[in-house]
Amino acid sequence: MNILLLGFTLLGGVMLSAQSSINGAFSQKAGALESTFLTFFTGMLILALAILFFGQGNVLLLLEAPRWQLSAVLFGVSYLFLTILAVPQIGVTAASIATVIGQLAAGMVIDHIGAFGGVVVPLNGKRLLGLLTMLAALYFVYRGNTRKDVSASSDSMAS
């Protein structure tokens, strides 16, 4: 089962990269806020249908959650918006690596202090070395970026 979940997570990563690229292109025409809105509005409609047909609980219980837990919604919207801004400028790969580095750094701090009721995993040299390795990867990927004028090819894809 864990292998299947790993596969699903990898597929999710593929889908995030595709979404970032498509939203980045769309934002150049409609705007970053508009692209973010479309993504979340469409997602809301799809999830509303999923809840209607497959939901197992009472959706109104969401209103009883502690307010700090509801703040996660703002993080998701912010992530998507910032990614939509970044991808047209630095590319999907650099934006994705930067996202992962941010997740790793925040995750290490959260693990170290056991924030939000999580397991305490102390910060150590091996974990820091992993983070530094990712920073080096970001440096090389970003420095290796060579941009081409893609407006002609992206317009031809729309036809």
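Residues numbered from 1 in each chain as written. Predicted model: local features only at pLDDT ≥ 70, side-chain atom pairs only at ≥ 80, totals over all residues. Heavy atoms only, no water.

Novice: What's the story with the overall build of the protein chain in this structure? I'm lost.
Specialist: When helices and strands are counted, the protein chain shows 7 helices and 0 strands. For the protein chain, the succession of helices and strands along the chain, N to C, is α-α-α-α-α-α-α. The dimensions of the protein chain, computed from C-alpha atoms along their principal axes, are 50 × 45 × 30 Å. Here the protein chain holds 159 residues, and 13% of them are scored as buried. Taking the contacts inside the protein chain whose residues are at least 6 apart along the sequence as the reference set, 65% of them involve residues at least 24 apart. (Helix = DSSP H or I, 4+ residues; strand = E, 2+ residues; numbered from the N terminus. Buried < 20%, exposed > 50% of the residue type's maximum accessible area, 1.4 Å probe, protein only. Contact = heavy atoms within 4.5 Å.)

Novice: Just to check I follow, could you spell out the UniProt feature "transmembrane region" (unreviewed entry) in the protein chain for this structure?
Specialist: The residues that UniProt annotates with the feature "transmembrane region" (unreviewed entry) are residues 37-63, 70-91, 97-121 and 128-145. Helix and strand shares over residues 70-91 are 91% and 0% respectively, and the end C-alpha atoms of the span are 31 Å apart. Between the C-alpha atoms that bound residues 97-121 the distance is 23 Å, and the span itself is 68% helix and 0% strand. (UniProt positions renumbered as here; feature names shortened; annotations may be inferred.)

Novice: Hey, could you run me through the pattern of salt bridges in this one?
Specialist: If charged atoms from side chains of opposite charge come close, those side chains can pair. Enumeration over the complete set of coordinates arrives at 1 salt bridge. Between D111 and R127 there is a salt bridge whose closest N-O contact spans 3.1 Å. Of this pair, D111 sits in helix 5 (residues 92-113) while R127 sits in helix 6 (residues 125-143), placing them 16 residues apart in sequence. (Salt bridge = Lys/Arg side-chain N within 4 Å of Asp/Glu carboxyl O.)

Novice: Would you mind showing me how to read the layout of surface pockets here?
Specialist: To find the voids left in a structure, one rolls a probe of water-molecule size over its atoms. Computed from the structure, the second largest pocket encloses a volume of approximately 400 Å³. For the lining of the second largest pocket, the secondary-structure elements that each account for two or more residues are helix 1 (2-30), helix 4 (72-90) and helix 5. At 6 residues, the largest contribution of residues to the lining of the second largest pocket is made by helix 5. (1 Å grid on protein atoms, 1.4 Å probe; cavity = no way out; pocket = protein on both sides within 12 Å on 5 of 7 lines; lining within 4 Å. Points joined across faces, edges and corners; volume = space filled by probe spheres on them.)

Novice: Hey, could you run me through the packing of helix 1 against helix 4 in this one?
Specialist: The description of two helices packed together rests on the angle between their axes and the distance between the axes. Packing of helix 1 against helix 4 brings their axes to within 8 Å, and their N-to-C directions diverge by 70 degrees. Considered as vectors, helix 1 and helix 4 are oriented roughly perpendicular to each other. Counting all contacts with helix 1, which are made through L16, Q19, S20, S21, N23, G24, S27 and Q28, the residues of helix 4 involved are Y79, L80, T83, I84, V87 and P88. Across the contact of helix 1 with helix 4, the residue classes break down as 6 nonpolar, 8 polar and no charged. (Axes fitted to C-alpha atoms, helices over the stretch in contact; angles between N-to-C directions. Parallel < 35°, antiparallel > 145°, perpendicular 65-115°, else oblique. Nonpolar A, V, L, I, M, F, W, Y, C, P; charged D, E, K, R; others polar.)

Novice: Explanation requested: the environment of L135 in the structure shown.
Specialist: Note on placement: L135 falls in helix 6. For the pair formed by L135 and L6, sequence separation is 129 residues and the distance between their alpha carbons is 24 Å.

Novice: Is there a simple way to explain the packing of aromatic side chains in this structure?
Specialist: Any aromatic ring pair is given by two values, namely how distant the centres are and how the planes are angled relative to each other. Per the counting criterion, the structure on display carries 3 aromatic pairs. Note on W68 and F116: the rings are 5.5 Å apart at their centroids and 15 degrees apart in plane angle, and the pair reads as stacked. Pair noted here: W68 is in helix 3 (residues 67-70) and F116 is in the loop between helix 5 and helix 6, with a separation of 48 residues, a long-range link. Measuring from centroid to centroid gives 5.3 Å for Y139 and F140, while their planes differ by 75 degrees, and the two rings are edge-to-face. (Phe/Tyr/Trp six-rings, centres within 6.5 Å; stacked < 30°, edge-to-face > 60°.)

Novice: Quick question: what am I supposed to make of the environment of I97 here?
Specialist: With respect to the secondary-structure elements, I97 resides in helix 5. For I97, a relative accessible area of 16% corresponds to the buried category. Spatially, the C-alpha atoms of I97 and M134 are 7.6 Å apart, while their sequence positions differ by 37 residues.

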